[in-house]
Amino acid sequence: MRKPIIAGNWKMNGNLAEAEILVKDCIPRLSGIDRTDMVICPPYTALALVQSLLGSTIISMGAQDMFWKDKGAYTGEISAPMLKELGCRYVIVGHSERRARFGVPEPDFTPEILLHFGDNNAIVNKKAHAAVNAGLIPIICVGEILTERHAGDTDRIVEDQTRKALAGFSSSQASQIVMAYEPVWAIGTGEVCAADEADRVCGVIRKAIADCLGEEASQIIRIQYGGSVKPDNAADLLSRPNIDGALVGGASLKAADFAAIIAAS
Ligand code: PGA
């Protein structure tokens, strides 16, 4: 039985005052829950503050991205050991908002690359290894864009992303990795993937994990669903056999909603 894991990805939201209010609102709502692993992923600027507030609670902290080198002349980047030192236990890698691929281009922003940060499968793999090497648990995101779904390419895309992300890992590292199925068209759009379909695709990812790391590892690695998870759809999604948790964006910015999603797990 895999323990559910719910992570809140605040994205680029929250100044220090807002972060403090939100964490202080979350802590009493989440205290005493031990059936579910809970993770808060604030922006880098709030990591130190959030860690000091979480203190010895059972809520873990994660970062939203990282660079794969430990240190050096990489202006603007942050490394896994730096995140570890700040108290992070997890780090999201390969989120679609970091990958070099996107769904419907937004007309306000050109060139389109400005929307995203160029992470490809090779970079995601490097980041995942650097995270594990530093003792962080990467939450590795995979997912198709809308045109790929319409073309019937969903399974091939998520299999390919999963295999490439997991290249070079061994089965003994399974407990140090979390995967997230994040259909790009469902992120921040309010359009949730139907629970049956999300479960089916998580099954495809689990099969790809088995191909890379073996059957046993595929039963250990937890697979979250992410994309417009809200209190009213969480229970349906989280009751499915292949969905082991949720990566929550917008709804993690409201303590009551985040707590309701965790309660549903
Ligand atoms: P959302 O974001 O819940 O706001 O759709 C999910 C994510 O980006 O992980």
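Residues numbered from 1 in each chain as written. Predicted model: local features only at pLDDT ≥ 70, side-chain atom pairs only at ≥ 80, totals over all residues. Heavy atoms only, no water.

### Notes on the environment of Leu22
Thought 1: Position of Leu22 among the secondary structure elements: in helix H1 (residues 16-30).
Thought 2: In this structure Leu22 comes out as buried when scored by relative accessible area, which is 11%.
Thought 3: Taking the C-alpha atoms as reference points, Leu22 and Thr57, 35 residues apart in sequence, are found 15 Å from one another. (Helix = DSSP H or I, 4+ residues; strand = E, 2+ residues; numbered from the N terminus. Buried < 20%, exposed > 50% of the residue type's maximum accessible area, 1.4 Å probe, protein only.)

### Side note on the site of the ligand
Thought 1: Within the structure, the ligand sits among Lys11, His95, Glu182, Ala186, Ile187, Gly188, Gly227, Ser228, Leu247, Val248, Gly249 and Gly250.
Thought 2: One of the backbone N or O atoms of Gly249 is found 2.8 Å from an oxygen atom in the ligand.
Thought 3: In the complex, 97% of the free accessible area of the ligand, which totals 280 Å², lies under the protein chains.
Thought 4: Of the residues belonging to the shell around the ligand, the class tally is four nonpolar, six polar and two charged. (Near = heavy atom within 4 Å. Polar contact = N/O pair within 3.5 Å; in protein donor to acceptor, adjacent residues only side chain to side chain. Areas by Shrake-Rupley, 256 points an atom, 1.4 Å probe, with all protein chains shown as cover. Nonpolar A, V, L, I, M, F, W, Y, C, P; charged D, E, K, R; others polar.)

### Details of the pairing of strand S5 (residues 137-142)
Thought 1: Counting buried residues along S5, six of its six residues qualify, which places the element largely inside the surrounding structure.
Thought 2: Taking every second residue as pointing to the same face, both faces of S5 are buried, with Ile137, Ile139 and Cys141 on one and Pro138, Ile140 and Val142 on the other.
Thought 3: Where strand S4 (residues 90-93) and S5 come together, four bridges link them in parallel fashion. Residue pairing for S5: Ile92 is matched across the bridge by Ile139.
Thought 4: Pairing of S5 with strand S6 (residues 178-181) involves four bridges; the strand directions are parallel. Considered in S6, the bridge of Ile140 is made with Met179. (Pairing = 2+ DSSP bridges.)

### Some remarks on unusual backbone geometry
Thought 1: Of note, Lys11 is a non-glycine position whose phi angle comes to about 55 degrees, a positive value.
Thought 2: For Lys11, the location among the structural elements is in the loop between strand S1 (5-9) and H1.
Thought 3: You will see that Ser228, though not glycine, has its phi angle at about 60 degrees, which is positive.
Thought 4: In this structure, Ser228 sits in the loop between strand S7 (222-226) and helix H9 (231-238).

### So, the packing of H1 against helix H10 (residues 255-264)
Thought 1: Where H1 meets H10, the axes come as close as 9 Å, and the angle between the chain directions of the two elements is 30 degrees. Classified by the angle their axes make, H1 and H10 are roughly parallel. Regarding H1 and H10, the two cross each other, and that crossing is right-handed. Here Leu22, Asp25, Cys26, Arg29 and Leu30 of H1 lie close against H10, whose contacting residues are Ala255, Ala256, Phe258, Ala259 and Ile262.
Thought 2: Split by residue class, the contact of H1 with H10 holds eight nonpolar, no polar and two charged. (Axes fitted to C-alpha atoms, helices over the stretch in contact; angles between N-to-C directions. Parallel < 35°, antiparallel > 145°, perpendicular 65-115°, else oblique. Left-handed = near helix turned anticlockwise from the far one by under 90°. Contact = heavy atoms within 4.5 Å.)

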